[in-house]
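# Chains, contacts and geometry: an overview
Letter by letter, the chains look like this.
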Amino acid sequence: MIYYKTTAEVELMRESALLVSKTLATVARALKPGISTLEIDALAEKFITENNAKPSFKNYKGFPFTCCISVNDAVVHGFPNDVALKEGDIVSVDVGVYKNGFHGDSAYTFAIGAINEDVQRLMRVTKQSLYLGIEKAVAGNRVGDISFAIQEFAERKHKYGVVRELVGHGLGKSLHEDPQVPNYGKRGSGAKLHDGLVIAIEPMINMGVKEVWYEEDGWTVKTKDGKPAAHYEHTVCIRRGKADILSSFEEIELEEKNNPHLFDAY
């Protein structure tokens, strides 16, 4: 069942989504070679709880951490660990918060130090594909219009692998609601988009093949060929004429630019 949000509920969701954005900005400020993803996870959890919210992911279906932190060939749902990050790593941090009865959800991929041009291009294309999908997230379109826009740009134009096993989703009082929002599909297909629907749009794009496999933890998804993957996500409300992006990358990108340990020129 699809749940449509009132204007007041959308504003509560905006508050949750922007807290996710601020959490990711806090992460961006701290990232550097030598820090572990467990340390990043603890930092994010502390920030969320200090802002009178709860981590959406922690204990969700048994997931034991606040953040999904996926490094290099890990696509999504990576377990934080005590391995130190190093120069050249790319790190996807996916965070959700629950506040005032509603969830917010967003993800961002960071580069630690210098990265080669191929990885720069992967990150740039993945982020661009997110915004191309958002352009289609307007009342009167269908889910497939979002899906097609992402796949057309990332897979058909740039020859990257678009992950099939994992998709975007509706969002609200529950972390995952209908409809599913794949990053691949046909224009004009799927559920019709109506004003007040809130969804998480999240391209998960592999440099190489689209196929993935799961580590023994049952959560961490990795590329089948060992090539890197990138992941960006916004919480978006469907509106007439133009989508309303409830989360924000503005503060994250500012911290990314100001952190000398992060590469931001992709």
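Let us look at the structure shown here. Remember, predicted model here, so these are calculated numbers, not experimental data.

So, on to the overall build of the chain. Along the backbone of the chain there are 5 helices and 15 strands. If you line up the chain on its principal axes, its C-alpha atoms span 45 × 45 × 35 Å. By the burial criterion, 56% of the 266 residues in the chain qualify as buried. Looking at the chain alone, contacts between residues at least 24 apart form 71% of all its contacts between residues at least 6 apart. A total accessible area of about 11200 Å² is found for the chain, and carbon and sulfur atoms account for 50% of it. In the chain, 32 positive and 37 negative side-chain charges are present, and the distance between their average locations comes to 6 Å.

A word on the sheet that holds strand β15 (residues 244–245). What links the strands of a sheet is backbone hydrogen bonding, and the strands pair in either a parallel or an antiparallel sense. One open sheet holds the 5 strands; their spatial order is β8-β7-β9-β14-β15, and the pairing between them is antiparallel. Sheet topology places β8 (177–181) and β15 at the edges, where each strand pairs with a single neighbour. Direction of pairing for strand β7 (residues 168–170) relative to β8: antiparallel, over a ladder of 3 bridges. By the bridge assignment, Gly-168 is partnered in β8 with Val-181. In the packing of helix α4 (residues 143–157) onto the sheet, the strands contacted are β8 and β9 (198–201), and the crossing angle to β8 comes to about 35°.

Another point: the packing of helix α3 (residues 117–135) against α4. Two quantities define a packed helix pair, namely the angle between the helix axes and the distance between the axes. It is at 8 Å that the axes of α3 and α4 come closest, and there the two elements cross at 155°. As far as their axial angle goes, α4 and α3 are roughly antiparallel. When you trace α3 past α4, the crossing you get is right-handed. Across the interface between the two elements, Val-125, Gln-128, Ser-129, Leu-132 and Gly-133 from α3 touch Ile-146, Ala-149, Ile-150, Phe-153 and Ala-154 from α4. Looking at the contact of α3 with α4, its residues break down into 7 nonpolar, 3 polar and no charged.

End to end, helix α2 (residues 37–50) covers 20 Å across 14 residues, agreeing with the expected 20 Å (1.5 Å per residue, within 8%). Turning to α2, its buried residues number three or more, namely Thr-37, Ile-40, Asp-41, Ala-44, Phe-47 and Ile-48. Considered in projection along α2, the buried side chains sweep an arc of 130° and stay on one side of the axis. Just downstream of α2 lies Asn-52, where phi reads positive at about 60°.

The rules behind each value
Residues numbered from 1 in each chain as written. Predicted model: local features only at pLDDT ≥ 70, side-chain atom pairs only at ≥ 80, totals over all residues. Heavy atoms only, no water. Helix = DSSP H or I, 4+ residues; strand = E, 2+ residues; numbered from the N terminus. Buried < 20%, exposed > 50% of the residue type's maximum accessible area, 1.4 Å probe, protein only. Contact = heavy atoms within 4.5 Å. Areas by Shrake-Rupley, 256 points an atom, 1.4 Å probe, with all protein chains shown as cover. Lys, Arg positive; Asp, Glu negative; His and termini not counted. Charge placed at Lys NZ, Arg CZ, Asp CG, Glu CD. Pairing = 2+ DSSP bridges. Axes fitted to C-alpha atoms, helices over the stretch in contact; angles between N-to-C directions. Parallel < 35°, antiparallel > 145°, perpendicular 65-115°, else oblique. Left-handed = near helix turned anticlockwise from the far one by under 90°. Nonpolar A, V, L, I, M, F, W, Y, C, P; charged D, E, K, R; others polar. Expected span 1.5 Å × (residues − 1). Arc of directions from axis to C-beta.

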